[in-house]
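# Tertiary structure, described
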Amino acid sequence: MDDARGPRFLLARLALQNLGRRRIRTALLVAAVALSCAIAFAGAVVMRSIETSMSVGFSRLGADLMVVSRDALTHLTAALLTVEPTDSTLPADLLASESLPGIARAAPQRVLRTSLSGAGGAGESVDLIGFDPSTDFTVQPWLAERLPRAIGAGDVIVGSARTVPLGSELVIFGAPFRVYGKLSSTGVGTHERGIFLTSQSLLGLSRAISERTGSLPPMLRPDRVSGFLLELASGARELQVRFSLLSHFAEIKVVAGASLLTGIRQGLSALMGGAVALVALMFGATAVMVGVLFSAIVSERRVELGLLQAIGARRRQIVGLTLLEAVLATGAGGLLGVAGGALLLRLFERSLVFHLTQMGVPFLWLERVDMALAAAACVVAAALVGIAGALFPAIRASRSDPYDLIRGEG
Amino acid sequence: MLVCEALSKTYPTDRGPVAALRGIDLEVKSGRYAAIIGRSGSGKSSLMAMIGGLSRPSGGRVLVAGTDLWALGSDARARFRARHIGYVFQFASLLPTLRALDNAALPLLLDGRGRGARARAAALLEELGLGAHLDAFPSELSAGEQRRVVIARALVSDPGLLLADEPTSDLDAQTEREIMGLLARVHRTRGTTLLLVTHSLALAAEAEQIIQVADGTLVP
């Protein structure tokens with residue numbers, strides 16, 4: 001040990017040596033924290049992944065309600081994924097004008113059914129569906145493949161029935177578009193054969209469409225939309241929202257999707273919340289356990305701490321030594337826990353996720369960056385648990401008279 | 001010069017407060033060898049702890065070389081202890097994970113005076129006959145050798161005041177003689193003020209000043 005390294009190096013060395021003195025106890029402490037951390041890390045990643053998968057899965061179930069003009073002709077389908085292609089339109093700011101309870105998300109869409117677009121075969125009827133990517137919850141969740149960037153102007157998404165390759169060019173009303181993404185098969189006709197683009201891109205075609213069709217279709221006016229797809233807020237009843245909408249707006253028709261799916265969505269969301277609370281509770285229990293353990297460790301080492309104080313250790317050095325010891329143990333537990341959690345995730349991937357995928361149920365893992373952040377958060381949380389557990393005993397010891405500590409009191 | 005003025009200490013207990021010391025006034029001149037004697041429970045160790053800045057008195061003052069020890073803040077008092085007071089406790093007070101050399105250098109290292117600390121500790125250990133055991137851990141040393149490492153640690157800051165609280169109570173007679181001879185030699189050769197707590201009248205007889213404590217007060 002170099003003389004010039006100073007007291008911090010000495011305290012760090014002492015902390016490490018103290019941990020090494022009671023190897024079995026240290027190993028048990030590290031193992032306990034590692035176990036909690038592994039469960040917390042794997043649990044957090046799996047739950048966040050399930051949440052994402054559920055969110056996509058739920059979105060794939062379609063909207064709970066569809067709001068269209070009263071004159072629009074509608075066909076009931078199992079899943080409300082796009083609004084009906086009709087010339088009857090609604091004001092674009094219809095839902096923004098009133099604050100209605102029970103609506104979680106509202107996605108406006110413009111749907112133009114035309115055989116003059118030039119896309120697909122000659123004279124083929126195509127649904128051009130304009131959506132807002134920021135509010136959409138029924139189109140993008142169905143993306144089977146996409147370019148590695150966010151959708152923008154000049155991009156289109158095609159339904160699964162269209163065979164154009166990803167990244168290729170598609171000319172619509174004379175304007176070139178890049179095939180940004182392709183949807184999975186939904187079984188809903190409009191989705192299967194539709195061409196999806198941002199509302200702004202669709203409105204940008206207005207002039208070309210007017211020239212080719214001889215008139216401007218009403219849904220291509222900036223202040224009009226074909227309709228809205230609605231997702232109900234947690235706990236909201238379909239019937240209540242429906243009545244509320246109909247009582248506020250005279251010119252609308254409200255079409256309900258499969259109400260069973262709404263119930264499943266709301267029920268599973270509540271279940272997820274419960275699981276998250278359970279993991280938080282487990283981490284809290286670990287913090288209490290570490291606190292009790294460090295209280296005992298500090299108590300056992302009173303004589304040594306008193307001796308250090310007697311020969312010149314400052315209060316902050318006593319606190320620092322104890323906290324460093326705790327952080328080293330719980331931080332190491334955190335690191336081991338993350339490694340263990342990663343193994344658990346691997347196991348999970350090879351068993352349940354593989355089984356789900358075989359069954360055609362999509363499971364979307366958390367992004368790698370988010371996973372790394374979750375791992376870092378777990379290690380930091382483990383170290384913080386150590387600090388939280390050891391802080392009070394450390395401060396209490398540092399405030400005691402050295403003589404009291406040496407006599408085994410304080 | 002060590003001065004105690006109206007020093008008192010009361011411990012709270014379940015049966016009410018118990019007075020360990022009641023208004024002690026004493027003075028030990030610099031460079032003297034003084035022994036504090038008294039029966040078990042007389043308050044001599046409590047007196048030593050207050051003189052050494054280890055236990056806060058309930059009342060009174062302790063002046064070491066003119067510094068009112070208990071008027072200092074916690075960190076300043078710790079710094080004062082590290083620089084001006086050496087301690088030899090009645091138990092083997094070494095850190096088990098540190099070598100003899102590091103144990104002896106500990107007060108300087110904790111005080112941020114690490115440069116040359118080990119060289120100084122090594123010289124002291126050599127002087128005390130432990131030159132061959134610098135790298136030994138406490139568990140590898142005999143009780144007498146451990147106590148000599150403690151004495152080296154107490155002297156490493158070259159303190160003006162050396163406090164020894166029954167330093168030989170757990171040692172055999174021969175080792176006790178060695179350690180007491182060592183302390184007396186340190187006092188003579190370095191001019192360190194030595195304050196020894198003991199219940200042995202034979203050991204106290206060698207001191208230049210005897211302070212007798214009984215029932216928390218000084219016996220005149």
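Reading the values: the criteria
Residues numbered from 1 in each chain as written. Chains lettered and ligands numbered in written order. Predicted model: local features only at pLDDT ≥ 70, side-chain atom pairs only at ≥ 80, totals over all residues. Helix = DSSP H or I, 4+ residues; strand = E, 2+ residues; numbered from the N terminus. Contact = placed C-beta atoms within 7 Å. Nonpolar A, V, L, I, M, F, W, Y, C, P; charged D, E, K, R; others polar. Axes fitted to C-alpha atoms, helices over the stretch in contact; angles between N-to-C directions. Parallel < 35°, antiparallel > 145°, perpendicular 65-115°, else oblique. Left-handed = near helix turned anticlockwise from the far one by under 90°. Pairing = 2+ DSSP bridges. Buried ≥ 20, exposed ≤ 12 C-beta atoms within 10 Å, placed from the backbone. Core = buried A, V, L, I, M, F, W, Y, C linked by C-beta atoms within 7 Å. pLDDT = per-residue confidence, 0-100. Expected span 1.5 Å × (residues − 1).

The next subject is the overall build of chain B. Scanning chain B for helices and strands turns up seven helices and 10 strands. Residue pairs at least 24 apart in sequence account for 69% of intrachain contacts in chain B once pairs closer than 6 positions are excluded.

Looking only at helices and strands, chain A has 11 helices and 12 strands in total. The long-range share in chain A, meaning contacts at least 24 apart out of those at least 6 apart in sequence, stands at 79%.

A few words on the interface of chain B and chain A. How big an interface is tends to be reported as the loss of accessible area on association of its parts. Taken together, the contact pairs 29 residues of chain B with 26 residues of chain A. Those elements that place two or more of their residues in the side of chain B that touches chain A are α2 (74-84), α3 (100-110) and α4 (117-127) of chain B. Ranked by residues supplied to the side of chain B that touches chain A, first place goes to α2 of chain B with six residues. Here the side of chain B that touches chain A is composed, by residue class, of 13 nonpolar, seven polar and nine charged.

What follows concerns the packing of helix α5 (residues 143-155) of chain B against helix α6 (residues 173-190) of chain B. A packed helix pair is summarised by two numbers, namely the angle formed by the two axes and the spacing between the axes. Residue and element names in this part refer to chain B. Between α5 and α6, the shortest axis-to-axis distance is 10 Å and the interhelical angle comes to 15°. By the angle between their axes, α5 is roughly parallel relative to α6. Crossing of α5 against α6: the hand is right-handed. Contact residues: Ala143, Gly144, Arg147, Arg148, Ile151 and Leu155 in α5; Thr175, Glu178, Ile179, Leu182, Leu183 and Val186 in α6. When grouped by side-chain class, the residues that make up the contact of α5 with α6 number seven nonpolar, two polar and three charged.

What follows concerns the sheet that holds strand β5 (residues 67-68) of chain B. All names here are of chain B. With respect to topology, four strands assemble into an open sheet ordered β2-β1-β4-β5, the strand pairing being antiparallel. Among the strands making up the open sheet, the edge pair consists of β2 (18-28) and β5. Taken together, the five bridges between strand β1 (residues 2-11) and strand β4 (residues 59-64) define a ladder with antiparallel strand orientation. Note that in β4 the partner of Ser8 across the bridge is Gly59.

Moving on, we get to helix α1 (residues 44-51) of chain B. All names here are of chain B. Of all eight residues in α1, eight are buried, a share of seventy percent or more. For α1, the complete set of buried residues consists of Lys44, Ser45, Ser46, Leu47, Met48, Ala49, Met50 and Ile51. With its phi angle positive at about 75°, Gly53 sits one or two positions after the end of α1.

What follows is about the sheet that holds strand β10 (residues 217-218) of chain B. All names here are of chain B. Read across the sheet, six strands follow the order β6-β7-β8-β3-β9-β10 without closing on themselves; strand pairing throughout is mixed. Every interior strand has two partners, whereas the edge strands, β6 (85-88) and β10, have only one. Of the strand pairs in this sheet, strand β7 (residues 161-165) and strand β8 (residues 193-198) are connected by five bridges, and their pairing is parallel. For Asp165, the partnering residue across the bridge sits in β8 and is Val197. Where α1 meets the sheet, its contacts fall on β3 (33-37), β7, β8 and β9 (209-214), and the angle it forms with β8 comes to roughly 150°.

What follows concerns unusual backbone geometry. Residues and elements named next belong to chain B. Of note in this structure, Ala6 is not a glycine but carries a positive phi near 50°. Residue Ala6 is classed as partly exposed on the basis of its C-beta count, with 13 C-beta atoms lying within 10 Å. The backbone of Asp215 sits at a positive phi, close to 55°, despite the residue not being glycine. You can see Asp215 is positioned in the loop between β9 and β10. Of the residues examined, Asp215 has 14 C-beta atoms within 10 Å and is grouped as partly exposed.

Another aspect to go through is the pairing of strand β9 (residues 195-198) of chain A. Residues and elements named next belong to chain A. Burial of the side chains of β9 extends over both faces: Ile195 and Leu197 are buried on one face and Phe196 and Thr198 on the other. Relative to β9, strand β4 (residues 126-131) runs parallel, the two sharing four bridges. When the bridges of β9 are listed, Ile129 appears paired with Phe196. Bridging between strand β6 (residues 155-158) and β9 involves two bridges; their strand directions are antiparallel. Following the sheet pairing, Ile157 is matched in β9 by Phe196.

What follows covers the packing of α4 of chain B against α5 of chain B. All names here are of chain B. Running from N to C, α4 and α5 cross one another at 135°; their axes reach a closest spacing of 9 Å. For the element pair α4 / α5, the angle class is oblique. Crossing of α4 over α5 shows right-handed handedness. For the pair α4 and α5, contact is made by Ala121, Leu124 and Leu125 and by Val149, Ala152 and Leu155, respectively. Of the residues assigned to the contact of α4 with α5, the class counts are six nonpolar, no polar and no charged.

Right, let's talk about the nonpolar core for a bit. Counting 120 residues, the largest nonpolar core has Phe41 of chain A together with Ala104, Leu125, Ala152 and Leu195 of chain B as the members making the most contacts within it. In terms of residue count, helix α2 (residues 23-60) of chain A provides more of this core than any other element does, 12 residues in total. Among residues more than four places away in sequence, those in contact with Leu125 of chain B are Ala100, Leu101, Ala104, Leu130, Gly131, Leu134, Val149 and Ala152 of chain B. If you look at the next biggest cluster of nonpolar residues, it comprises 48 residues, including Ala63, Val179, Leu202 and Val241 of chain A.

Quick look at the pairing of strand β12 (residues 252-256) of chain A now. All names here are of chain A. Burial along β12 is one-sided: the face carrying Lys253 and Val255 is buried and the face carrying Ile252, Val254 and Ala256 is not. Summarising the sheet, strand β1 (residues 65-69) and β12 pair through five bridges and their orientation is antiparallel. Bridge assignment links Val68 to a residue of β12, and that residue is Lys253.

Residue and element names in this part refer to chain B. Within the fold, Gly43 resides in the loop between β3 and α1. The buried category is assigned to Gly43, around which 25 C-beta atoms lie within 10 Å. C-alpha of Gly43 to C-alpha of Lys9: the two residues are 34 residues apart in sequence and 9.1 Å apart in space.

Now for the confidence of the model for chain B. Residues with a pLDDT of 70 or more make up 100% of chain B, whose mean pLDDT is 90. The complex model carries a pTM of 0.65, and its ipTM stands at 0.90.

All names here are of chain B. The end-to-end C-alpha separation of α5 is 19 Å, in line with the 18 Å expected for 13 residues at 1.5 Å each. Counting buried positions along α5 yields 11 of 13 residues, so the element is predominantly enclosed. Taken together, the buried residues of α5 touch β6, α3, α4, β7 and α6.

Time to look at the environment of Gly312 of chain A. Among the secondary structure elements, Gly312 of chain A is positioned in the loop between α8 (302-310) and α9 (315-358). Ignoring anything within four residues of it in the chain, the contact list for Gly312 of chain A reads Ala78, Arg79, Arg81, Ala82, Pro107, Leu110 and Asp111 of chain B.

On to the environment of Ala236 of chain A, then. Residue and element names in this part refer to chain A. Here Ala236 lies in the loop between β11 (227-232) and α6 (238-248). A C-alpha to C-alpha distance of 9.1 Å links Ala236 and Ala104, two positions 132 residues apart in sequence. Beyond its immediate chain neighbours, meaning those up to four positions away, Ala236 contacts Gly102 and Val241.

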